[in-house]
Amino acid sequence: MSFQEELLVRAAKICPRLVFPEGGEPRVVEALQEIERRGIARPIVIGGAGGIVPTDDHRLGRVAVHLRERRPDKIADDATAVALAADPLRFAAGLVAIGEADGCVSGAVATTGDVIRAGLLALGTAPGVALVSSSFYMAFPDDRVFTFTDCAVVPDPCADQLVAIAYAAALARRALVGDEPRVAFLSYSTKGSAAGPKVDKVREAAELFRVRHPEIVSAEPLSQEQLR
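Residues numbered from 1 in each chain as written. Predicted model: local features only at pLDDT ≥ 70, side-chain atom pairs only at ≥ 80, totals over all residues. Heavy atoms only, no water.

### Some details on the environment of R68
Within the secondary structure, R68 is located in helix α3 (residues 60–70). Owing to a relative accessible area of 30%, R68 belongs among the partly exposed residues under this scheme. For R68 and P181, which are 113 residues apart along the polypeptide, the C-alpha to C-alpha distance reads 39 Å. Leave out the neighbours within four places in its chain, and R68 touches I75, A76, D77, D78 and A81. (Helix = DSSP H or I, 4+ residues; strand = E, 2+ residues; numbered from the N terminus. Buried < 20%, exposed > 50% of the residue type's maximum accessible area, 1.4 Å probe, protein only. Contact = heavy atoms within 4.5 Å.)

So, in structure tokens, the structure goes:
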């Protein structure tokens, strides 16, 4: 069974409640039809033909209260909270936060930044996590799966941030792929073909990662002999 096939089997067993805040987007409509055909989730659709309208939904008030309780410094009154909660992205994230959905799928129309901001407002980060980052998974025909991180959120991370990003990606891979992660840090320098602050930063991150997370296998640094 391939990685993708296994994911579909696992999804069908759980059949999570997934909220889609971009119900009017044609690609989302097509995806929803496929999800229904495969029986891999219970969609909650916002917008589009037949989708939820947040201002008409009985959960709007609960989402608004939740948002105001999370950010009383930013949301000064009930009217502001309701206006924020009525936004499809924030309403979708709010449904996850109050336990009315298990996850949210968005970004077909909304920007990455808007999706992340909605998630941070309604949910925040996991305990002990201060940096938001991203990963994507590349599955090859021979069933190898590679995780690449960070590819969309942190444009120029420092060495400490690279370590935090790599660790978060390793933990996510264990949960999603189910194997033991092996971590490598990449730069534009091939076996020492280039030098400079950006290359030094990546090498420093690799060394820090080995010290801070020795339980996770990481690529060995190249020796001076290999660099020549």
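### Here we look at the state of the cysteines
Any covalent bond linking the sulfur atoms of two cysteines counts as a disulfide. Per the counting criterion, the structure on display carries zero disulfides. There is no disulfide at C104, and the cysteine sulfur nearest it, in C15, is 17 Å away. Classification of C104 as partly exposed rests on a relative accessible area of 34%. C151 provides the cysteine sulfur closest to C158, a residue in no disulfide bond, and the two sulfurs are 17 Å apart. Among the residues examined, C158 registers a relative accessible area of 36% and is labelled partly exposed. (Disulfide = S-S within 2.5 Å.)

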